[in-house]
Amino acid sequence: MIYILTGAIRTGKTTALLNWVKTRNDVDGLLCPDGENGKRYFLKLKLQDKFPLETDSKANDVISVGDFYFLKAAFETANRYLKTSAEDANKYLVIDELGKLELKNQGLHHSAETIIPKFKFNKEQHLILVVRDYLLTKIMEHYSLSNYAIINIKDLNALH
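Anyway, here's the lowdown on the structure attached to this text. (Residues numbered from 1 in each chain as written. Predicted model: local features only at pLDDT ≥ 70, side-chain atom pairs only at ≥ 80, totals over all residues. Heavy atoms only, no water.)

So, the sheet that holds strand S4 (residues 49-52)
Within a sheet, adjacent strands bond to each other through the backbone by hydrogen bonds, running parallel or antiparallel.
Point 1. Ordered by their spatial adjacency, seven strands build an open sheet running S4-S3-S2-S8-S9-S1-S10, and the pairing between neighbours is mixed. Because the sheet does not close on itself, it has two edges, and the strands there are S4 and strand S10 (148-151). If you compare each strand with its neighbour and ignore which way they point, the axes differ by 20 degrees on average.
Point 2. Alignment of strand S2 (residues 27-31) against strand S8 (residues 92-98), held across four bridges, turns out to be parallel. Its bridge partner being in S8, Asp28 is matched across the sheet by Leu93.
Point 3. Where helix H4 (residues 109-119) meets the sheet, its contacts fall on strand S1 (2-7), S8 and strand S9 (126-132), and the angle it forms with S8 comes to roughly 140 degrees. (Pairing = 2+ DSSP bridges. Helix = DSSP H or I, 4+ residues; strand = E, 2+ residues; numbered from the N terminus. Axes fitted to C-alpha atoms, helices over the stretch in contact; angles between N-to-C directions. Contact = heavy atoms within 4.5 Å.)

Next comes the structure, spelled out in structure tokens:
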């Protein structure tokens, strides 16, 4: 089953997932919270391992989205981790988030396009995709999403 966790920008989707994961041992994947320095990083959920995503640099090894600069190497590491995690027997896999980069076949797109079909009709394992509300329709079309449930942060605790 695929769950799409959606909401507006800065409404606590990632924070809600961080809190939800603390109470479980059957979740893996990646979250993308803001660090103490205000820069986003990736968090490998099962390992509780962090690695940088956002930088101030405009170097050749970054992808820019508006005023933000993201490390290409971070996305490469993230995609590898997500693909590996999808093969494990965790009940939930989280991808935070699918957005503008993924619509351009960048960012987490390569793992998402591989993982989503595996979870479409899976009754034992569930995929949670974080998507901003204003991109929901475009993301659903881009990944040909079907057989999904749209949830908000209040719905997380109802997931078994």
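Considerations on the environment of Phe51
Point 1. Note that Phe51 resides in strand S4.
Point 2. On the basis of relative accessibility, which here comes to 12%, the residue Phe51 falls in the buried class.
Point 3. Sequence-wise, Phe51 and Cys32 are 19 residues apart; in three dimensions their C-alpha atoms are separated by 9.9 Å.
Point 4. Excluding residues that lie within four positions of it along the chain, Phe51 makes contacts with Leu30, Tyr41, Phe42, Lys44, Ala74, Thr77 and Ala78. (Buried < 20%, exposed > 50% of the residue type's maximum accessible area, 1.4 Å probe, protein only.)

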